[in-house]
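Fold and geometry: a report
This is what each chain is made of:
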Amino acid sequence: IEDSIISNNAGFGVIVESRTYQVTINRTSIFDNGSIGVYFYECKECRIENSTIYRNQGGLFVTTVNPNPDPAYSINIINSTLVDNGTMGNINLTLAQPSTPLLLTNSVVANHNTAPNCASSSVIHPIVSTHSLIDDLSCSISGNGNITQVDPLLGPLSFNGGLTPTLSPLAGSPLVDAGDNTNCLSTDQRGLLRPVDKLGSGAICDIGALEVQ
């Protein structure tokens, strides 16, 4: 799924039910849906890149029920923004093997204290996070370079260039030049190049789906 707007559905935004296909959501905005934004059920090698999941009743839900192939599952979120996804939270993990990680890189997970980012079923499941911003302590996180309990300072959802609406960092946002270049995508959700040097310390990837130019 690329360069798409998925919005204002009465129920789910995206549902994927397969353990054989590779699925990537890229440069896509999923917002204002009446239920979960993205639901991966038994989805193997699933990725969300340069995408915005915003103001749905739930953000990303991942469920696996068959424990045998679980070590092969790969759930990756890279340079994406999951914000204000209702009372069901931004991330909900219900995995047959609690050791199966969700890999979070250069991404924003924030609910502005209106609800926990991670629902109670996610507490026992690990999120291996690198240079991401999570604005509370509700998720089970390991990794380095993360920012917690800090407001990401994002503007409203709007067209800031490209084909899909995005949430742009405001002046003074902690997201700017705070990512990890090792796994930084070469463009942002709008298709603009990243990383860009904005703070005078070299070209460092921004956290989230949008790179401030």
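Residues numbered from 1 in each chain as written. Predicted model: local features only at pLDDT ≥ 70, side-chain atom pairs only at ≥ 80, totals over all residues. Heavy atoms only, no water.

Overview of the overall build of the protein chain
Assigned secondary structure in the protein chain consists of zero helices and 19 strands. At 16 Å, the protein chain has a C-alpha radius of gyration in line with the 17 Å of a compact globule built from 213 residues. In terms of its C-alpha atoms, the protein chain occupies a principal-axis envelope of roughly 50 × 35 × 30 Å. Evaluated residue by residue, the protein chain yields a buried proportion of 53% over its 213 residues. When the accessible surface of the protein chain is split by element, carbon and sulfur atoms take 53% of a total near 8,600 Å². Each charge class in the protein chain can be summarised by its mean position, and for the 8 positive and 18 negative side chains these summaries are 5 Å apart. (Helix = DSSP H or I, 4+ residues; strand = E, 2+ residues; numbered from the N terminus. Rg over C-alpha atoms; globule rule 2.2 N^0.38 Å. Buried < 20%, exposed > 50% of the residue type's maximum accessible area, 1.4 Å probe, protein only. Areas by Shrake-Rupley, 256 points an atom, 1.4 Å probe, with all protein chains shown as cover. Lys, Arg positive; Asp, Glu negative; His and termini not counted. Charge placed at Lys NZ, Arg CZ, Asp CG, Glu CD.)

Here we look at the side chain of Asn85
Its place among the elements puts Asn85 in the loop between β10 (81-83) and β11 (91-94). On the basis of relative accessible area, Asn85 is assigned to the buried category, the value being 0%. At 3.0 Å, the side chain of Asn85 forms a polar contact with the backbone nitrogen of Asn56. At 2.8 Å, the side chain of Asn85 forms a polar contact with the side chain of Asn90. (Polar contact = N/O pair within 3.5 Å; in protein donor to acceptor, adjacent residues only side chain to side chain.)

Here's the deal with the sheet that holds strand β4 (residues 29-31)
Pairing in this open sheet of seven strands is parallel, and the strands run β1-β4-β7-β10-β13-β15-β17 from one edge to the other. The open sheet terminates on both sides in strands that have one partner only, identified here as β1 (5-7) and β17 (147-148). Bridge count for strand β13 (residues 108-110) against strand β15 (residues 133-134) is two bridges, and the pairing is parallel. Bridging across to β15, Val108 finds its partner in Leu133. (Pairing = 2+ DSSP bridges.)

Describing the environment of Asn68
Residue position: Asn68 is located in the loop between β8 (58-63) and β9 (75-78). Its relative accessible area of 69% is what places Asn68 among the exposed residues. With 28 residues separating them in the primary sequence, Asn68 and Ala96 have C-alpha atoms 8.8 Å apart.

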